[in-house]
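Descriptive structure summary
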Amino acid sequence: NINMLSIMEWTASHPHFKQLLVNIYDSLPYQMCFIPLFIIASGRFNLIREYYFLMLFTTLLGFTFYYFFPTNGPADIIQSPLFSYEQLAAGIKFNQIHHHLPPTTNQGGLIAFPSFHVVWALLSIYLLKEWPIPCFVLTVINCLLIASCILLGWHYVIDVLGGILLFVFSLDVLNRLQDKKSIHHILM
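A short tour of the structure in this document, coming up. (Residues numbered from 1 in each chain as written. Predicted model: local features only at pLDDT ≥ 70, side-chain atom pairs only at ≥ 80, totals over all residues. Heavy atoms only, no water.)

Turning next to the packing of helix H3 (residues 28-41) against helix H7 (residues 132-151). The packing of two helices is summarised by the inter-axis angle and the distance between the axes. H7 packs onto H3 with a crossing angle of 145° between their chain directions and a minimal axis gap of 12 Å. Note that H3 runs across H7; the crossing there is left-handed. Mapping the contact onto sequence places Leu28, Gln31 and Ile35 in H3 and Leu138, Ile141, Asn142 and Leu145 in H7. Class assignment for the residues of the contact of H3 with H7 results in five nonpolar, two polar and no charged. (Axes fitted to C-alpha atoms, helices over the stretch in contact; angles between N-to-C directions. Helix = DSSP H or I, 4+ residues; strand = E, 2+ residues; numbered from the N terminus. Left-handed = near helix turned anticlockwise from the far one by under 90°. Contact = heavy atoms within 4.5 Å. Nonpolar A, V, L, I, M, F, W, Y, C, P; charged D, E, K, R; others polar.)

This next bit is on the pattern of salt bridges. According to the stated counting rule, one finds three salt bridges in the structure shown. Note that glutamate 50 is salt-bridged to lysine 129, the shortest N-O span being 3.5 Å. In this pair, glutamate 50 is assigned in helix H4 (residues 45-68) and lysine 129 in the loop between helix H6 (116-127) and H7, connecting sequence segments 79 residues apart. (Salt bridge = Lys/Arg side-chain N within 4 Å of Asp/Glu carboxyl O.)

Turning our attention to the packing of H3 against H6. Packing of H3 against H6 brings their axes to within 10 Å, and their N-to-C directions diverge by 25°. Judged by the inter-axis angle, H3 sits roughly parallel to H6. Considering the relative orientation of H3 and H6, their crossing is left-handed. In this structure, H3 uses Leu28, Gln31, Met32, Ile35, Pro36 and Ile39 to contact H6, whose residues at the interface are His117, Trp120, Ala121, Ser124 and Leu127. Of the residues assigned to the contact of H3 with H6, the class counts are eight nonpolar, three polar and no charged. (Parallel < 35°, antiparallel > 145°, perpendicular 65-115°, else oblique.)

The next thing to look at is the packing of aromatic side chains. In this structure the tally under the stated criterion is eleven aromatic pairs. Ring geometry for tyrosine 25 and tryptophan 154: centres 5.2 Å apart, planes at 10°, overall stacked. Here the residue tyrosine 25 occupies a position in helix H2 (residues 15-25), and tryptophan 154 occupies one in the loop between H7 and helix H8 (157-187), the gap between them amounting to 129 residues. The exposure classification of tyrosine 25 matches that of tryptophan 154, with both residues buried. An aromatic cluster is present here, built from Phe53, Phe57 and Phe169 joined pairwise through their rings. (Phe/Tyr/Trp six-rings, centres within 6.5 Å; stacked < 30°, edge-to-face > 60°. Buried < 20%, exposed > 50% of the residue type's maximum accessible area, 1.4 Å probe, protein only.)

Looking now at a nonpolar patch on the surface. Where nonpolar side chains cluster on the molecular surface, the patch consists of Tyr30, Phe34, Leu37, Ile40, Phe45 and Tyr52 and spans about 650 Å² of accessible area. Of all the elements in the fold, those that place two or more residues in the nonpolar patch are H3 and H4. Counting residues per element, the nonpolar patch draws most heavily on H3, which supplies four residues. Following the sequence through the fold, phenylalanine 34 ends up in helix H3. A relative accessible area of 51% means that phenylalanine 34 is categorised as exposed. (Patch = residues over 30% accessible without salt bridge, like charges linked within 9 Å, V, L, I, M, F, W, Y side chains within 5 Å. Areas by Shrake-Rupley, 256 points an atom, 1.4 Å probe, with all protein chains shown as cover.)

Here you go:
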């Protein structure tokens, strides 16, 4: 019962804030490229291993869920000129793939639930957990990024919640595996 169109209209009525959200939303590929390089350069190889485990595990679970329960975003359901070309293209691509047609566009994403923008934003924060100031700054930025998923109309609220739950579950699995490994080393 959340009116996505009114949320998008509110965001559009604040153009400077909307542009800030667009820029932050578009920063995720840069975060995913440069932060791991920083972690590698700092010699924190255990942290990068954890990151890659979380990246692969969330992808495996999220893509498997999507395979059995494909979902599309608001742009495919709601008619509005507020959607960007990329958002509309994601809906077109979704429909083409699910009608066994080759996609005519590579623009936009594909998976709405769970939101991988949320998962990857949380993973980027996780990578900086050992550096308090950069971690805090990125947390503020990525909280806006997560909010932008809804405010810009890329995702429904449930998609964002699904991304958060997927990250938390994957982090719990990682922690349990690390605990078992620690117990195994103690016993040996």
